[in-house]
Structure formats: structure tokens, C-alpha cells
Amino acid sequence: MRCGGWLGIWFAAVVALALYGRATSSHAGSLGRCSLDGQTLAPIHQVYQVDLMREGRPVASFCCVACARDWPEVRAGDWWQVRDELTGGPLDAACACFVESRIVSNAARGCRLHAFRDWTVAAGHADEFQGKRVDNPLALAGKTE
Ligand SMILES: [Zn+2]
């Protein structure tokens, strides 16, 4: 009987872990596609991912800056998080250096915008791919009060 009791606890723990795993993976799955056009946010394109942040967490994710710019549901206080194209690290769009170059970041949208943390890296990309520095393309989005 005692043995069965331990087995029951073990079984409950396994079930709890499985449910927890499913809950977290389905949460990640809901952010696995672009909120605007449904394009899969493939890991290889994660450097182009843009997240709309609200109260410290992403409420919508996009496959590129062009999709994020077209998103209508931006509230006052929201902010945009982009990825540094060199490292893939998250970055506040307000602090990012944006470059428009001949490298297409999203073929479906014809998006050629690239974000970098470091302006020297951004300038290097611009030099190499005939790009030019552009103002934060997401600055206007989100100013609706
Ligand atoms: Zn998209």
C-alpha cells in the first residue's frame, strides 16, 4: 500500500509536469506566427522578429518591421522590441539603428529593413549592401493616444 502511495505521487508529478510542459509550449506556439500575416516565425528568421511589448511581455509578434508597422492595435505605453541582427539579442526599437539595404528581410512583404544595436555594425551592413540609415520606422506606430 505504501509503495502504491509513492507511485501515486510520482504519477501525479509526471502528469503535472506534462500539463505544465504543454501549457508553456502552447503559449510559445501562440507567438510562433506573425500576428499580422500568419507567417511562421522560423528560428532562422528570428533576427527579423519584432515584438509589441505591453507591461513587460510580448502581446504580439511579427516576422518583420513592415508587418509590425501595419499593426493597428497599439496602445499608449506600448513599445516595440526588435532584434539586433548581429547577435539576435532583444533591443528597444527606440535605441536601435535601422538600415534599409538591398538585402530583403522578408520576401513576402518586400521588407528591406534591418535593426542593429551598434551603429558601427549598422554602417558596415549599409556599406556592404548599398544601404542607408533610416529613422526608426516604428516611431510613428504607437503614438496614437
Ligand atoms: Zn509578418
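Anything mentioned here points back to the structure above.
Computed from a predicted structure; not experimentally measured.

Chemist: Hey, could you run me through the coordination of the zinc ion in this one?
Modeler: Around a metal, the ideal angle is 109.5 degrees if four donors adopt a tetrahedral arrangement and 90 or 180 degrees if six donors adopt an octahedral arrangement. Only C34 (SG), D37 (OD), D37 (OD), C63 (SG) and C67 (SG) from the protein reach the zinc ion as donors, at distances of 2.2 to 2.7 Å. Read from N- to C-terminus, the donor residues coordinating the zinc ion fall into the pattern C-x2-D-x25-C-x3-C. Within this pair, whereas D37 is found in the loop between helix 1 (2-30) and strand 1 (50-54), its partner C67 is found in helix 2 (residues 65-69), the two being separated by 30 residues in sequence. For D37, a relative accessible area of 34% gives the class partly exposed.

Chemist: Just to check I follow, could you spell out the pairing of strand 3 (residues 79-83) for this structure?
Modeler: Consecutive side chains along a regular strand alternate between the two faces of the sheet. Burial within strand 3 is extensive, with four of its five residues counted as buried. In terms of strand pairing, strand 1 meets strand 3 through three bridges, oriented antiparallel. Residue M53 lies in a different strand from strand 3, and its bridge partner there is W79. Across three bridges, strand 3 lies against strand 4 (residues 90-92) in antiparallel orientation. Bridge pairing in strand 4 links V82 to L91. Between the end of strand 3 and the start of strand 4, which pair antiparallel, lie six residues, with G88 showing a positive phi angle near 80 degrees.

Cut-offs used in this document
Residues numbered from 1 in each chain as written. Predicted model: local features only at pLDDT ≥ 70, side-chain atom pairs only at ≥ 80, totals over all residues. Heavy atoms only, no water. Donors = N, O, S within 2.8 Å, 3.2 Å for Na, K, Ca; no water. Helix = DSSP H or I, 4+ residues; strand = E, 2+ residues; numbered from the N terminus. Buried < 20%, exposed > 50% of the residue type's maximum accessible area, 1.4 Å probe, protein only. Pairing = 2+ DSSP bridges.

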